[in-house]
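Chain by chain, the residues run as shown.
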Amino acid sequence: MKGKGLPIALMALLLLAFALRLLYMERISLYIDEFVTMWVAKMILRSGLPRTPAGVIYNRGILFSYLDTLFIYLFGFSERAARIPSVLVGALTVPLLYFVGSRLRSSVAGLVAAALLTFAPDAILWSGRARMYAMLQLLVLLASFSLYHGVIRSQSRGYRYLFLLSFWGAVFTQAEAILLYPAFVLAIVSWRGVSWLWGRRGLLVNGLCLSAVVLRYLFDKVTQPGQLETIQSVRPYLQLSLDLLGRLRPYRLFFLHSGYLPLTILFFLGLIYLLKRAVLRESQPQTLLFLYLIFSVPMLELVIFAGATWRDPRYLFMLLPLFFLIIADLSDRSLGWIVDRLSPSRWREALSGGGVYLLIAGAFFLFLPGVRSLLSTQIEGYDRALYYVRDHWQEEDLIVMASPPVSAVYIGKCDYYAIQRDYEEYVIRKEGILIDRWVGAPLLNSTQQLEELLKGDRRVWFVIDIWRLATHYDMDFRRLIAEGMEPVHEVQGVRVLLAQGYGQPQEPAIKRSLQANLDNKVALLGYDLSTDRIQPGQELRLTLYWQALAPLREEYTVFVHLLDRENSPGGQDDASPMKGLYPTIYWKEEEIVPDEHRLLIPADVSPGRYLLEVGIYSSPTGDRLALLDSVGNPGETRVVLDYVKIGGEELPSPQQIVRADFGGLVRLLGYDLAPTSRETSFEPGESLDLTLYWQVLAPLEENYTVFVHLLDEEGRIWGQQDSQPLAGFYPTSFWHEGEIVRDGYQLRIDSQALGGEYETVVGIYLLATGERLPVQSEGETRGWLPLTTVWVERQ
């Protein structure tokens, strides 16, 4: 590719690279580690050293920390000033990659590699964040290129100096650059031989590289005493494993993501191409072989030796330009092969130029879906959450964080480092207590500590994202947060919670165990209820105890409803479990999840008895989980827990007093009959209204059925109604000892009834067996109680 098209294309790529990284910088919230970078920059501005208030030197990305500090000093302390160095470094890596590609292969290869880096979502992401990875990538590219030209090929002294400076810079930008050292040594031996390595120049180059590795290790040991040992014990950098397939899984997104998959295929086709030439003993393309070696050796080191700390796709980011150079080299060779064989010589230059533009367009469309997703998908909004805290901050407030630098950046302090798991590498012991390394905040890692803090007279803020809350804390800690703090703001998966005085919750009036199986996914094991009698305007507290029976792949919402006999609501709460602080996708099997719901009873609600029902439904679809019976058959999509009486206590005042005991379980205090006069006559087909007044003498384990019959002198039934109390609304198994239940029935007289006197009787029985509760009547025990007689007059 020649002429004016080349610089125009390169300038267009540079502008696009800068614009895409700038868009990410402006649109997307700060990644959690970026706050550390900003906090360290503030420390450098104060003292000239990245020394934190805890007294330790922050040694990760130390070169980038100083570069970032320079921009913050020039442009003021802001997210934009902290991010712009990465944007500039990431954008400038694009023309550098073109230069390297053109020197190693051709201008076509350089342009294709530059295009791939321009549009690669990973490159945009890490070049838009205030972290050291864009600088690391640039230095690794410089070190690899200058090694090739300064040692492998030309023996240029300038390139050797550039190589040493770049390698030292990379090592002190991010420790993972040490993984390049074996690859560089192997490249030197492969091209220059062992003898060169032991020569004066070789010893000097190798010695200076090795000294960078050693000094970085000693620097980390001195500036962060004990941290290397702690990390290696809990989340090691290095951990030998020969399970290559298992170790490859964390990096599969790098190779098998939709945008990278075609490139990965081409990468392996290139390996086959090199193997074929080796088998046929053909001369190897030296630059391509060099690139494969420098890329593959660190990759194998990560697969075989990397521990949990480095087992992450982002640690391949430093190798991304080398990967793109391999792809660009192979693309250029393939394009040349096609042009040479399929076109006349006079068209070759035009077709070659057109092919380059097609390759650039291919890079654009290959990564376009990933770029769109990257620039439109927000991450955890800690920055926006802290804006809210800062705007509502009062002088005496306290703040606790799982990442102290976040609040330190915006509030200037963090009072406690609140975390229970995976904190060991981030704390040091000072004056007998554990404090975090960044801000010096005391560690708060027990429920008792948190409770004491919340009981104080100062407001307490806690800002946390849902993933960390679900994975870094015990259940009792989460429960105290959910019940002792109020969510006051939510943004991009981050919750802002505020406690304004915390009192020990009162003992619930009702505690019950259950075994309710919902679709073999979730079990309801029991509940606590603050009271079963409440006044309008008061708050009803209900705690449900859930258990996951299987891994839950989607988020569910819990519904809690108070309903009267007409299904009119007396209060409701539909919410994610634990106020949304512990979504179901994080629930562990067999773990018991306490889930508190508070229902504010409306001031204008009608008094009466209300059914309390709960259940779970899919948040995306609204589909409820069904309640399974003992053999697994689905039934209702709700669980009736209890009944709550809203409003004043009504004194029973039956018109007719009876006081008859049924089986020692319930007592019939009396009844009302409409019309009230015994002398009133009824016609066949008419109905009489009967209201019974029951008093509960002892808990009823079963759901009993009440029958009301109209009998003639021979005991034949001429009218009846059999129903559970309140037309099935209030089953007897929910009745409380001492409670009085007003229970209405409508008894219709059979249309074929003859004129005469009929007796109204009442009784209680179990529907499953037909067994009646005994009652004393007229000196004998019966299964029914006579109430009154009515006269039927046939016209």
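Preceding this paragraph is the structure being described.
Overview of the structure. (Residues numbered from 1 in each chain as written. Predicted model: local features only at pLDDT ≥ 70, side-chain atom pairs only at ≥ 80, totals over all residues. Heavy atoms only, no water.)

## Focus: the overall build of the protein
Counted only if it meets this: What counts as a helix is a DSSP run of H or I of at least four residues, what counts as a strand is a run of E of at least two, and both are numbered from the N terminus. Values of the radius of gyration come from C-alpha atoms, whereas the globule rule sets the reference at 2.2 Å times the count of residues to the power 0.38. The rule is simple: take the accessible area with a 1.4 Å probe, protein chains only, and divide by the maximum for that residue type; under 20% is buried, over 50% is exposed, in between is partly exposed. Contacts are residue-level and defined by heavy atoms, with any inter-residue pair within 4.5 Å sufficient. Only the protein chains shown count as cover for residues, and all accessible areas are computed by the Shrake-Rupley method using a 1.4 Å probe.
The helix and strand inventory of the protein stands at 22 helices and 29 strands. In terms of overall dimensions, the protein is more spread out than a globule: its C-alpha atoms have a radius of gyration of 39 Å, far above the 28 Å expected for 795 residues. Referenced to the eigenvectors of the C-alpha coordinate spread, the extents of the protein come out at roughly 125 × 70 × 45 Å. Evaluated residue by residue, the protein yields a buried proportion of 54% over its 795 residues. For the protein, contacts bridging at least 24 residues in sequence account for 72% of all contacts bridging at least 6. When the accessible surface of the protein is totalled, it reaches about 35,600 Å², and 55% of it is carbon and sulfur.

## Quick notes on helix α5 (residues 107-119)
Put simply, the rule reads: Expected span of a helix, by definition, is 1.5 Å for each gap between consecutive residues, and there is one gap fewer than residues.
Compared with the 18 Å implied by 1.5 Å per residue over 13 residues, the 18 Å span of α5 between its first and last C-alpha is a close match. Along α5, 13 of the 13 residues are buried, which leaves the element largely enclosed by surrounding structure.

## Let's talk about the pattern of salt bridges
Note the cut-off: For this analysis, a salt bridge means a side-chain nitrogen from Lys or Arg found within 4 Å of a carboxyl oxygen belonging to Asp or Glu.
Under the definition given, this model contains 32 salt bridges. Between D474 and R421 there is a salt bridge, with the nearest N and O atoms lying 2.9 Å from each other. Here the residue D474 occupies a position in the loop between α21 (466-471) and α22 (475-484), and R421 occupies one in the loop between β2 (416-418) and β3 (427-430), the gap between them amounting to 53 residues. Two residues, R667 and D661, come together in a salt bridge whose shortest N-O distance is 2.6 Å. The class of D661 is partly exposed, set by a relative accessible area of 32%. Linked through salt bridges whose partners overlap, the residues forming this network are E486, E539, R541, K579, E596 and R598.

## Observations regarding the environment of T93
Topologically, T93 is positioned in helix α4 (residues 79-104). In this structure T93 comes out as buried when scored by relative accessible area, which is 0%. Counting along the chain gives 434 residues from T93 to Y527, while the straight-line C-alpha distance between them is 60 Å. Discounting chain neighbours no more than four positions away, the residues touching T93 are L117, Q137, L138 and L141.

## A closer look at the packing of aromatic side chains
Put simply, the rule reads: Here is the rule: rings of Phe, Tyr and Trp (six-membered ring for Trp) pair when centre to centre is within 6.5 Å. Planes less than 30 degrees apart are stacked, more than 60 are edge-to-face, and the remainder are tilted. Only when the NZ atom of a Lys or the CZ atom of an Arg is both within 6 Å of the ring centre and within 35 degrees of the ring normal do we say a charge sits over the ring.
Taken as a whole and judged by the stated rule, the model has 45 aromatic pairs. Centroid distance F119 to F364: 5.3 Å. Interplanar angle 75°. Geometry classified as edge-to-face. Residue F119 is located in helix α5, and its partner F364 is located in helix α17 (residues 348-376); the two are separated by 245 residues in the primary sequence. Assessed through its relative accessible area of 32%, F364 is described here as partly exposed. Here the aromatic rings of Y643 and F729 are separated by 5.4 Å at their centres, their planes lie at 80°, and the arrangement is edge-to-face. In this pair, Y643 sits in strand β18 (residues 639-646) while F729 sits in the loop between β24 (717-723) and β25 (740-748), placing the two residues 86 residues apart along the sequence. Each member of the pair Y643 and F729 is classed as buried. Here the aromatic cluster, defined as three or more aromatic residues joined through ring pairs, consists of F254, F255, Y260, F267, F268, Y292, F295, F323, F324 and F367. Its end group placed over the ring of F77, K42 keeps NZ or CZ at 4.3 Å from the ring centre. Of note, R624 hangs over the ring of F559, and the distance from its end group to the ring centre comes to 3.9 Å.

## Observations regarding the packing of helix α9 (residues 180-197) against helix α10 (residues 200-223)
Threshold: Each axis is a line fitted through C-alpha atoms, and for a helix only the stretch in contact is used; angles between axes span 0 to 180 degrees, taken between their N-to-C directions. Roughly parallel here means an angle under 35 degrees, roughly antiparallel means over 145, roughly perpendicular means 65 to 115, and every remaining angle is called oblique. Two helices crossing with the near one rotated counterclockwise from the far one by less than a right angle form a left-handed crossing, whereas a clockwise rotation gives a right-handed crossing. Lys, Arg, Asp and Glu make up the charged group, whereas Ala, Val, Leu, Ile, Met, Phe, Trp, Tyr, Cys and Pro make up the nonpolar group; the residues left over, Gly among them, are polar.
Interaxial distance between α9 and α10 falls to 11 Å at its minimum, and their mutual angle equals 160°. By the angle class used here, α9 and α10 are roughly antiparallel. In this structure, α9 meets α10 at a crossing whose hand is left-handed. Across the interface between the two elements, Y181, V185, W196 and L197 from α9 touch R201, G202, L203, V205, N206, C209, L210 and V213 from α10. Taken together, the residues of the contact of α9 with α10 break down into nine nonpolar, two polar and one charged.

## A closer look at the side chain of D465
This is how the line gets drawn: Nitrogen and oxygen atoms within 3.5 Å of one another constitute a polar contact, given that in protein one can donate a hydrogen and the other can accept it, and given that sequence-neighbouring residues count only through two side-chain atoms.
Within the secondary structure layout, D465 lies in strand β6 (residues 460-465). Side-chain polar atoms of D465 contact the side chain of Y382, separated by 2.5 Å. One polar contact links the side chain of D465 to the main-chain amide nitrogen of W467, over a distance of 3.2 Å. Those residues in contact with D465 that lie beyond four places of it in its chain are E380, Y382, G493 and V494.

## Some thoughts on the side chain of D397
The topology assignment puts D397 in the loop between α18 (382-391) and β1 (398-401). The residues touching D397, leaving out its near neighbours within four places in the chain, are H392, K413, D415, R458, R459 and W461.

## Points about the packing of helix α7 (residues 133-153) against helix α8 (residues 157-171)
Between α7 and α8, whose axes approach to 8 Å, the crossing angle comes to 150°. The pairing of α7 with α8 is recorded here as roughly antiparallel in orientation. When the axes of α7 and α8 are compared, the crossing they make is left-handed. Of α8, the residues touching α7 (which contributes L136, L139, V140, L142, A143, F145, S146, L147, H149, G150 and V151) are Y159, R160, L162, F163, S166, F167, G169 and A170. Looking at side-chain class alone, the contact of α7 with α8 contains 13 nonpolar, five polar and one charged residues.

## Here's the deal with unusual backbone geometry
For D519, which is not a glycine, the phi torsion comes out positive at approximately 55°. For D519, the location among the structural elements is in the loop between β9 (510-518) and β10 (522-529). Despite not being glycine, A727 has its phi angle at roughly 60°, a positive value. Assessed through its relative accessible area of 57%, A727 is described here as exposed.

## Some points on the nonpolar core
This is how it is decided: In this description, a nonpolar core means a group of buried Ala, Val, Leu, Ile, Met, Phe, Trp, Tyr and Cys residues linked to one another through side-chain atoms lying within 4.5 Å.
Of all hydrophobic cores here, the largest spans 113 residues; its most connected members are L147, F167, F323 and F324. Here this core takes 15 residues from α7, the largest share from any one element. Apart from residues no more than four positions distant in its own chain, F323 is found in contact with F254, F255, Y260, L263, T264, F267 and F295. The next biggest cluster of nonpolar side chains, apart from the first, holds 100 residues, and it includes A130, A418, I601 and L625.

## Concerning a nonpolar patch on the surface
Condition: Patches were defined on residues exceeding 30% relative accessible area and lacking a salt bridge, with like-charge contacts within 9 Å and nonpolar side-chain contacts (Val, Leu, Ile, Met, Phe, Trp, Tyr) within 5 Å.
Where nonpolar side chains cluster on the molecular surface, the patch consists of L45, L70, Y73, L74 and F75 and spans about 580 Å² of accessible area. The element best represented in the nonpolar patch is helix α3 (residues 62-75), accounting for four residues. Position of L70 relative to the elements: it lies in helix α3.

## Description of the sheet that holds strand β15 (residues 592-600)
Spelled out, the test is: Two strands qualify as a pair provided that DSSP identifies no fewer than 2 bridges between them.
Strand order across the open sheet formed by five strands is β15-β12-β10-β9-β17, with antiparallel pairing between neighbours. Among the strands making up the open sheet, the edge pair consists of β15 and β17 (627-628). Looking at chain direction, strand β12 (residues 539-548) and β15 are connected through nine bridges and run antiparallel. Across the sheet, T543 pairs through a bridge with E596, a residue of β15.

## Quick word on the pairing of strand β8 (residues 494-499)
Counting buried positions along β8 gives six out of six residues, so the element sits mostly inside the fold. Burial of the side chains of β8 extends over both faces: V494, V496 and L498 are buried on one face and R495, L497 and A499 on the other. In terms of strand pairing, β6 meets β8 through six bridges, oriented antiparallel. Counted as the bridge partner of V463 is V496 from β8. Bridging between strand β7 (residues 486-491) and β8 involves five bridges; their strand directions are antiparallel. Bridged to H489 within β8 is V496.

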